[in-house]
Amino acid sequence: MEDLSSTYRQGSSEGDQQEVIIRKWSEADSLKSLFAIYYRMDPPFILPHDMAKREFALQPFDIESYIRHLAFKDETSLRKYIRSRTPRHLYHSVGIYELPSAPNMEEKGWQGSELLFDIDLDHPGACEGQIVDDECLVKGFDSARLVSRIVRDLLGGKPLIYFTGHRGFHIRGICEQCMQLGRDERREIAKLVRAEGLDASLLFPNKRGVRPAPATPEDPGWRGLAASLGVDLRASGPHVGVDIDSMVTEDPSRLTRIPGSLNAKGGLIVTPLCDSFAPGPQISPFRGTLDAKATKDLDPTRILGFEVSLTEGEELSLPASVALYLYLSGYVSIIGGEVLVRRNPGWWPVQGCDWSP
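Predicted, not measured: the structure shown is a model, and the values here were computed from it. (Residues numbered from 1 in each chain as written. Predicted model: local features only at pLDDT ≥ 70, side-chain atom pairs only at ≥ 80, totals over all residues. Heavy atoms only, no water.)

**Q** Honestly, the sheet that holds strand S11 (residues 255–257) in this entry has me stumped. Any pointers?
**A** The strands making up a sheet associate through hydrogen bonds between their backbones, and the pairing can be parallel or antiparallel. Taken together, the four strands give an open sheet; going across it, the order is S4-S3-S5-S11, and neighbouring strands pair in antiparallel fashion. Each having just a single partner strand, strand S4 (67–70) and S11 make up the two edges of the open sheet. Here the average twist between neighbouring strands, direction ignored, is 30°. Here five bridges tie strand S3 (residues 56–60) to strand S5 (residues 87–93), and the two strands are oriented antiparallel to one another. Its bridge partner being in S5, Pro60 is matched across the sheet by Pro87. (Pairing = 2+ DSSP bridges. Helix = DSSP H or I, 4+ residues; strand = E, 2+ residues; numbered from the N terminus. Axes fitted to C-alpha atoms, helices over the stretch in contact; angles between N-to-C directions.)

So, in structure tokens, the structure goes:
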């Protein structure tokens with residue numbers, strides 16, 4: 001890592017953590033240096049078992065474009081590379097290829113792709129408020145669990161959910177019978193998840209003299225899904241479906257974030273999830289306190305388990321994880337402070353999750 005002695009005084013490294021004292025925040029170097037410390041510690045990743053057949057990609061800090069068409073034979077070679085090119089963002093493909101490092105799709109030799117679903121909580125109507133807060137994230141996780149059920153119960157696949165480290169969730173569908181599906185078929189799956197064109201009257205046929213049975217969670221399709229959510233499909237204008245990004249699902253060449261990596265849009269860890277999600281400091285590798293100055297107002301908001309409100313121009317001290325999230329969201333500038341970078345902030349091992357091949 002470059003010499004930043006004028007900006008940083010690094011405390012002694014002890015085990016899985018390292019203290020960094022920030023004398024002056026540098027727009028160009030400070031965040032990169034914190035990320036570089038994290039990746040030098042070799043934090044736990046969750047990688048596909050067939051990673052040698054996956055395309056990898058990253059965006060370094062020193063250029064605006066992405067470096068794509070990367071291939072690594074094993075985890076050791078991947079880690080060596082990212083230590084040399086500290087990534088803002090780190091991805092692998094949902095597709096598997098004969099030659100993943102080939103520069104175009106025709107030469108790669110496509111062999112199939114997992115399903116991918118993307119829930120982005122800054123879409124209109126997804127959440128209220130000025131910023132994606134803890135309450136919004138929990139609602140988003142509920143939607144991710146619904147997509148997970150569709151993958152498992154309707155498509156016969158294995159769902160893997162993770163928080164993207166900023167404002168949404170990815171759900172990978174490991175589905176053998178889905179691997180060879182093309183864009184058209186994947187588009188139909190996206191329509192199913194979004195409940196596009198769903199006519200509730202067809203789920204409750206109106207036959208004279210016959211009262212339709214109420215929906216139960218055991219019913220097939222959207223009858224069962226709606227019952228699980230407590231949605232009355234016979235009501236006027238019931239809201240069903242999940243607002244996923246259809247273009248992500250229909251594209252077999254998409255990239256997905258690597259669990260355990262960092263997202264430079266929020267400074268948080270791409271975190272695998274199981275049956276529950278309580279946003280808190282465990283999804284950030286950064287502890288300590290940073291001094292910040294508010295650049296805009298923020299109504300009282302709960303972020304990573306911490307209640308915060310801002311008045312433009314005020315100076316305040318914040319937990320490092322919250323300060324970095326607000327900084328990257330454009331709400332504060334950072335003045336200085338102390339950060340403890342942790343290799344394992346608490347999400348590993350993933351309790352209750354089955355991420356085996």
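**Q** Can you help me understand the sheet that holds strand S14 (residues 271–273) in this one?
**A** With antiparallel pairing, the four strands of this open sheet are ordered in space as S8-S10-S9-S14. Because the sheet does not close on itself, it has two edges, and the strands there are strand S8 (115–120) and S14. Adjacent strand axes in the sheet meet at a mean angle of 25° when their direction is disregarded. Looking at chain direction, strand S9 (residues 158–163) and strand S10 (residues 168–174) are connected through six bridges and run antiparallel. Among the inter-strand pairings, Phe163 is bridged to a residue of S10, identified as Phe169. With respect to the sheet, helix H4 (residues 134–154) is in contact with S8, S9, S10 and S14, its orientation differing from that of S9 by roughly 165°. (Contact = heavy atoms within 4.5 Å.)

**Q** Explain the state of the cysteines to me, please; I cannot follow it from the model alone.
**A** Each disulfide consists of a covalent bond between the sulfur atoms of two cysteine residues. The final tally for this structure, using the stated rule, is three disulfides. With its sulfur 1.6 Å from that of its partner, Cys127 forms a disulfide with Cys136. Residues Cys127 and Cys136 share a disulfide whose torsion about the S-S bond is about 80°; that sign makes it right-handed. Owing to a relative accessible area of 23%, Cys127 belongs among the partly exposed residues under this scheme. Using a relative accessible area of 3% as the deciding quantity, one classes Cys136 as buried. Ordinal numbering of bonded cysteines along the protein chain defines a disulfide pattern of 1-2, 3-4, 5-6. (Disulfide = S-S within 2.5 Å. Buried < 20%, exposed > 50% of the residue type's maximum accessible area, 1.4 Å probe, protein only.)

**Q** Just checking my understanding: could you explain the side chain of Thr249 for this structure?
**A** For Thr249, the location among the structural elements is in helix H8 (residues 246–250). Not counting residues up to four positions away in its chain, the partners in contact with Thr249 are Leu116, Phe117, Arg186, Ala190 and Ile244.

Geometric descriptors of this kind do not, in isolation, establish any biological role.
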